[in-house]
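Listed below are the residues making up each chain.
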Amino acid sequence: MAGNALVRSYNDNIRPVLDAVDRLRHLKVTDEGIQLPTIVVVGDQSSGKSSVLESLAGISLPRGQGICTRVPLVMRLQGDPDATEPLLHLEYRSKTVETTEAGITDAINEATVEIAGAGKGISDAPITLVVKKKDVPDLTLVDLPGITRVPVHGQPEDIYEQISHTIMGYIAPKESIILNVLSAQVDFPTCESIRMSQKVDPLGERTLAVVTKSDKAPEGLLEKVTVDDVDIGLGYVCVRNRVGDETYEQARDEEKRLFNLHPLLSQIDKSMTGIPVLAHRLTQIQASIIAKCLPDIIKKIDEKLHRSISDLNGMPQKLLNRADALKAILHIFKVLRESLEMSLIKGEYGEFPDEKSLHGAARIYEMISSYSSELPSNCPTTDDPFLMEEVRVLEEAKGIWLPNFLPRSAFCVLLKRKVGTISEKPHEVINAVWDYVENLTIQIMLRHLQNYPQIQSSSQRVVHNLITKLTAKSCEFVNNMIEMELCSDYTSNPDYMKRWTEFMEKQGEFMDTIEYHSKPPKVSLEAFGVVEVGHLRAHADVAEQAFDIRMRLTAYWKSIVLRLVDGVALHILHSIKNMVESQLEVELINELVGPEMAGVDRMLEESPAIAIKRDRLEKSVELLRQSKGIVANVMDRIVVEGGK
């Protein structure tokens, strides 16, 4: 009988593999980004898709005007030679609905309405139809909505875009085999389903075409399927649709008679005609694609399982009581201190090698170096002619005392002026460094607190308040440094006397130029170059003292700059060290632990985002472990069978 052709297409060797893939599909392993081998049925509206599926399954599917398939229908056919009655059930939305051959149409329609609504809209959510009966091939196919460009009454205006999106999502993966249903009554290149499949499979390597309604348009069909203008790499199979009240056995007999006796259709090679041939081709292709994809599926399951377990292990421990929370907080303090020590004190950046903004010691060094270069290396001067600033100060420092004494008050007045010109520079670098340290500390701290958003805000507030206090102390330190420079002129640096002595060696030449008007009014001085001194002849009585003061200031200035640079640098390093090693932890403990342990209690309140992520990862690990077990079992069976 004709049904025997379908039985012959059934392959006992691939049943375990098909079962394994279907179990993976039932587990929704595709939600984990793992694609499964799938035969996807596509076709333009009224191309005869439903008729082909009915012929393969031997059951009736919903029919009518417009789009009959409004959701993806995963049809799992399971041949059972011993079955006396067909067993059918639907699976959707985590429930199973038993049905019968007579009731399958109503059951699918009811499920479709529940998923996609009572109108004519579509949905991506699938329905699975399991058909277990005698004389059907062992196949799993996904039937998708027929392609239509013009919305009919009750359909959304973007119906074409919705259908296209659904279809492309199924046929794009390289694991999908495209069963493109074409009507013999149309030109194949004009079919929208052909255009879609060519976008994802331009060479047709995974596309098989089934040509329906062959009896309606036999003229030229042989040429269509042999010339292959649309690059169908897996070939064509021509079929005859069931007509009227024909049984499926009668339909197969009529189909066989048609392709054997029709003057035109009989010329088509018998390997390209009939539902039994289509069933056989599909089972072969299905077995081939599964065998090809199975090793990659195993690899992807292992990789995804490893990542999910790693992510789950990286999740914070679920805190059950205050003791757990306190332990977690103290651990965070410990690793935060270690991270800050590495970044700000030791200059080791193993945690964030490519994030230069977190390389604390290097960035602070750059700020100190910039500060040092911004301080004038030579004593600042005014725009007045050479020594005239000193002359004016000396004129005001005259008194009734021996004239050959250098007025120390004049030196101090000038020293205060010079120091005053740079007094804001140390404050600028102090503010810049602490702003940077605050930002860096918060960034690193938030990384350690990423799983505890409930204490992030209060922890940031602690850092901000501490840095504000430390900045104020640093500003006080700088003020004291400046005041000390203004308080007295002192250095034990021998370089001062050495430089002053060298500068004063030119004093005799300088005074000769002032006193002897016949000499050119210019003199070359170390650190000043060639200077004009003619204007000083009118101030010869104080010129010698003015020269001495200028040379003392110039020699002494280097000591001032060194003290301001070294003092600020050492203060910053010392302050940061204290902050990292003790102050920050003390402030955090006071805020988060304290007598009432408010922060500890907040730690027990796991954030919704963390709870959702933990639940998702736990489900992912469980699903992937089940999937791995399923695949391992079938691989073991293949090895055993292959060894016989």
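All residue numbers refer to position in the chain's written sequence, counted from 1. Totals for whole chains, interfaces and linings use all residues, but because this is a predicted model, local features are given only for residues with pLDDT of at least 70 and pairs of side-chain atoms are given and counted only at 80 or more. Side-chain numbers come from the whole structure's heavy atoms, not from hydrogens or water.

As recorded in an unreviewed UniProt entry, the protein goes by Dynamin-related protein 4C and comes from Carex littledalei.

Turning to the overall build of the protein, a few remarks are in order. The way it works is that DSSP assigns letters per residue, a run of H or I at least four long becomes a helix, a run of E at least two long becomes a strand, and they are numbered from the N terminus. Within the protein, the regular secondary structure consists of 20 helices and eleven strands. In this description the radius of gyration comes from C-alpha coordinates, and the expected globular size is given by 2.2 Å times residues to the power 0.38. Whereas a compact globule of 644 residues would reach a radius of gyration of roughly 26 Å, the protein reaches 45 Å, over 25% beyond that. Judged by the C-alpha coordinates and their principal axes, the protein covers about 140 × 65 × 60 Å. Whether two residues are in contact is decided by their heavy atoms: any pair within 4.5 Å suffices. A separation threshold of at least 6 residues defines the contact pool for the protein, and within that pool the share at least 24 residues apart is 78%. Only the protein chains shown count as covering a residue, and every accessible area follows the Shrake-Rupley method with a 1.4 Å probe. As presented, the protein carries roughly 31800 Å² of accessible surface, and 53% of it is formed by carbon and sulfur atoms.

It is worth spelling out the side chain of Gln545 at this point. For Gln545, the position within the fold is in helix 18 (residues 540-592). Residues within four places of Gln545 in sequence aside, it is in contact with Leu394, Pro403, Asn404, Phe405, Leu406 and Pro407.

Glancing now at the pattern of salt bridges. Where charged atoms from two side chains of opposite charge approach closely, those side chains can pair. When a carboxyl oxygen of Asp or Glu is within 4 Å of a side-chain nitrogen of Lys or Arg, the pair counts as a salt bridge. In total, this model carries 36 salt bridges according to the counting rule given. In this structure, Lys49 and Asp143 form a salt bridge, with 2.7 Å as the shortest nitrogen-oxygen distance. Here Asp143 lies in strand 6 (residues 139-143) and Lys49 lies in helix 3 (residues 49-57), a separation of 94 residues in the sequence. Among the salt bridges present, the one from Glu366 reaches Arg363, with a minimum N-O distance of 2.8 Å. Placement of both Glu366 and Arg363 in helix 11 (residues 360-374) is noted, with a separation of three residues, approximately one turn of the helix. When a residue's accessible area, from a 1.4 Å probe over protein chains only, is under 20% of the maximum for its type it is buried; when over 50% it is exposed; and in between it is partly exposed. The exposure class of Glu366 is partly exposed, given its relative accessible area of 41%. Arg363 sits in the buried class, given a relative accessible area of 19%.

Strand pairing follows a simple DSSP-based rule, namely that at least 2 bridges must link the two strands. Taken in spatial order, the nine strands line up as 4-3-5-2-6-1-7-8-9 in an open sheet, and their pairing is mixed. For this open sheet the edge positions go to strand 4 (95-99) and strand 9 (236-238), each flanked by a neighbour on one side alone. When the angles between neighbouring strand axes are averaged without regard to direction, this sheet yields 25°. Inspection of the sheet shows strand 7 (residues 176-183) paired to strand 8 (residues 207-212) by six bridges, in the parallel sense. In the sheet register, Ile178 faces strand 8, and the bridge partner there is Thr207. For helices, the fitted line uses only the C-alpha atoms of the stretch in contact; every axis is such a line through C-alpha atoms, and the angle between N-to-C directions lies from 0 to 180 degrees. Against the sheet, helix 4 (residues 104-116) touches strand 2 (73-79), strand 3 (87-92), strand 4 and strand 5 (127-133), its axis set at about 5° to strand 3.

Okay, the side chain of Arg550 next. With respect to the helices, strands and loops of the structure, Arg550 is situated in helix 18. In this structure Arg550 comes out as buried when scored by relative accessible area, which is 8%. If we ignore the near neighbours within four places in the chain, the residues touching Arg550 are Thr381, Phe386, Leu387, Glu390 and Phe528.

Between the rings of Phe, Tyr and Trp (Trp by its six-membered ring), a pair exists once the centres lie within 6.5 Å; its type follows the angle of the planes, with under 30 degrees stacked, over 60 edge-to-face, and the other angles tilted. One pass over the full model with this rule turns up four aromatic pairs. Aromatic side chains Phe386 and Phe528 sit 5.6 Å apart centroid to centroid with 65° between the ring planes, which places their arrangement in the edge-to-face category. Linking Phe386 in the loop between helix 11 and helix 12 (388-396) with Phe528 in the loop between strand 10 (522-525) and strand 11 (529-532), this pair joins segments that are 142 residues apart in sequence. On the basis of relative accessibility, which here comes to 24%, the residue Phe528 falls in the partly exposed class. For Lys224, the ring lying beneath its charged end belongs to Phe188, and the centroid distance is 4.8 Å. Against the face of Tyr248 rests Arg242, its NZ or CZ located 4.2 Å from the ring centre. Counting as a charge over the ring demands two things of the Lys NZ or Arg CZ atom: a distance within 6 Å of the ring centre and an angle within 35 degrees of the ring normal.

For this analysis, a nonpolar core means a set of buried residues of the types Ala, Val, Leu, Ile, Met, Phe, Trp, Tyr and Cys, connected via side-chain atoms within 4.5 Å. Formed by 90 residues in total, the largest nonpolar core has its most connected members in Val437, Phe510 and Met579. Setting aside anything within four residues of it in sequence, one finds Met579 in contact with Leu344, Trp434, Val437, Thr441, Leu466, Ile467, Leu470 and Leu584. Grouped together as the second largest cluster of nonpolar side chains are 59 residues, Leu18, Ile108, Val210 and Cys293 included.

This paragraph deals with helix 6 (residues 192-200). Turn by turn, an α-helix covers 3.6 residues, leaving residues three or four places apart pointing in a common direction. Among the residues of helix 6, Glu192, Ser193, Ile194, Met196 and Ser197 are the ones counted as buried. On its buried side, helix 6 packs onto strand 1 (38-43), helix 5 (159-171), strand 7 and strand 8.

A few words on unusual backbone geometry. Although it is not a glycine, Lys213 adopts a positive phi angle of roughly 55°. With respect to the helices, strands and loops of the structure, Lys213 is situated in the loop between strand 8 and helix 7 (221-227). If you check the backbone angles, Asp228 has positive phi at about 55° while not being a glycine. By secondary structure assignment, the location of Asp228 is in the loop between helix 7 and strand 9.

The alternating pattern of strand 10 places Val523 and Leu525 on a buried face and Lys522 and Ser524 on a face that is not buried. Sheet analysis places strand 10 next to strand 11, joined by four bridges and oriented antiparallel. Following the sheet pairing, Lys522 is matched in strand 11 by Glu532. Where strand 10 folds back onto strand 11 in an antiparallel hairpin, the turn is made up of three residues, including Ala527, whose phi is positive at roughly 80°.

What pLDDT conveys is the predictor's confidence in a given residue, as a value from 0 to 100. For the protein, mean pLDDT is 87; residues scoring 70 or higher make up 95% of the total. Per-element confidence in the protein is highest for helix 14 (residues 424-448), whose mean pLDDT is 96, and lowest for helix 1 (residues 3-9), whose mean pLDDT is 39. In this model residues 1-12 is a low-confidence stretch, pLDDT under 50, and it forms 20 contacts with partners more than four residues away in sequence or in other chains.

Burial runs high along strand 8: six of the six residues are buried. With helix 6 bridging strand 7 and the parallel strand 8, this β-α-β connection has right-handed handedness. Here strand 8 pairs with strand 9 via three bridges, running parallel. By the bridge assignment, Ala209 is partnered in strand 9 with Tyr236. The path from the first strand over the helix to the second decides the hand: if it runs clockwise while the strands point away from the viewer, the crossover is right-handed. Each parallel crossover has a hand, and for strand 8 linked through helix 7 to strand 9 it is right-handed.

Between helix 14 and helix 15 (residues 456-487), the shortest axis-to-axis distance is 9 Å and the interhelical angle comes to 160°. Judged by the inter-axis angle, helix 14 sits roughly antiparallel to helix 15. The interaxial crossing formed by helix 14 with helix 15 has right-handed handedness. Per-class residue counts for the contact of helix 14 with helix 15 are 13 nonpolar, ten polar and one charged. Note that the term roughly parallel is reserved for angles under 35 degrees, roughly antiparallel for angles over 145, roughly perpendicular for angles of 65 to 115, and oblique for everything else. Should the near helix be turned counterclockwise from the far one by less than a right angle, the crossing is left-handed, whereas a clockwise turn marks it as right-handed. Classes in brief: Ala, Val, Leu, Ile, Met, Phe, Trp, Tyr, Cys and Pro nonpolar; Asp, Glu, Lys and Arg charged; the others, Gly included, polar.

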